[in-house]
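Chain and residue survey
One-letter residues, chain by chain:
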Amino acid sequence: MEIALLPDNGLKIKGKQVTFVVDSLSAKGKLSADAVLLLGTSQTKDLFSEGLGVVFQGPGEYEIKGAKVTGFRAEGETMYTLSIDGVSVLVGKVTSAAKAKDKLHEHDVAVLMADEMLPQAIMGVMNPSVVSFYGEKAVENTKSFGGENITPVGKYVTTKDKLPSEKELVVLG
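Residues numbered from 1 in each chain as written. Predicted model: local features only at pLDDT ≥ 70, side-chain atom pairs only at ≥ 80, totals over all residues. Heavy atoms only, no water.

A few words on the overall build of the chain. Summing up its helical and strand segments, the chain has three helices and 13 strands in all. Going through the 173 residues of the chain one by one, you find that 49% of them count as buried. Long-range contacts, defined here as pairs at least 24 residues apart, represent 36% of the contacts in the chain between residues at least 6 apart. (Helix = DSSP H or I, 4+ residues; strand = E, 2+ residues; numbered from the N terminus. Buried < 20%, exposed > 50% of the residue type's maximum accessible area, 1.4 Å probe, protein only. Contact = heavy atoms within 4.5 Å.)

Take the sheet that holds strand S4 (residues 35-37) next. An order of S5-S4-S3-S2-S1-S12 is seen for the six strands of this open sheet, with the pairing classed as mixed. Across the chains shown, the open sheet's two edge strands, defined by having one partner strand only, are strand S5 (54-56) and strand S12 (155-157). Each adjacent strand pair in this sheet contributes to an overall mean axis angle of 15°, direction not counted. Inspection of the sheet shows strand S3 (residues 19-22) paired to S4 by three bridges, in the parallel sense. Bridge pairing in S4 places Phe20 opposite Ala35. (Pairing = 2+ DSSP bridges. Axes fitted to C-alpha atoms, helices over the stretch in contact; angles between N-to-C directions.)

And the structure:
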């Protein structure tokens, strides 16, 4: 599974069989994906095009090309749990995670748009092997959880059997 930052601060999450684009308005006409995930409260009809597949913008349970997608809301903001190639991935914004504390559970990987600082208690609930922050406060969040000598990367690649035993902090930038 590969997680890559797109130029407009969106994401591309690619598994062996499926590709997701997350919150990328520049994706229309430039990328192909099996599905688009819209986070937070963002909703736009601009992403409905043939090359981007299905657009998810709310709660529900879905499956696309063998990947399971569960969307859930907390105070109007949407987050997603994906199961790609046997890896459980939480995708959302830090503000949404703070609001959805009672709906969160353990994940292998958490990919969070760092729009504010993530409370320590939320990290304990998710208990991910890998936490990938991107966005305005990505470096600050990484440092607050013990990250040192932070070098932003354009993409992160892992598989179920290569997940680290110690928590790994990644900044996509």
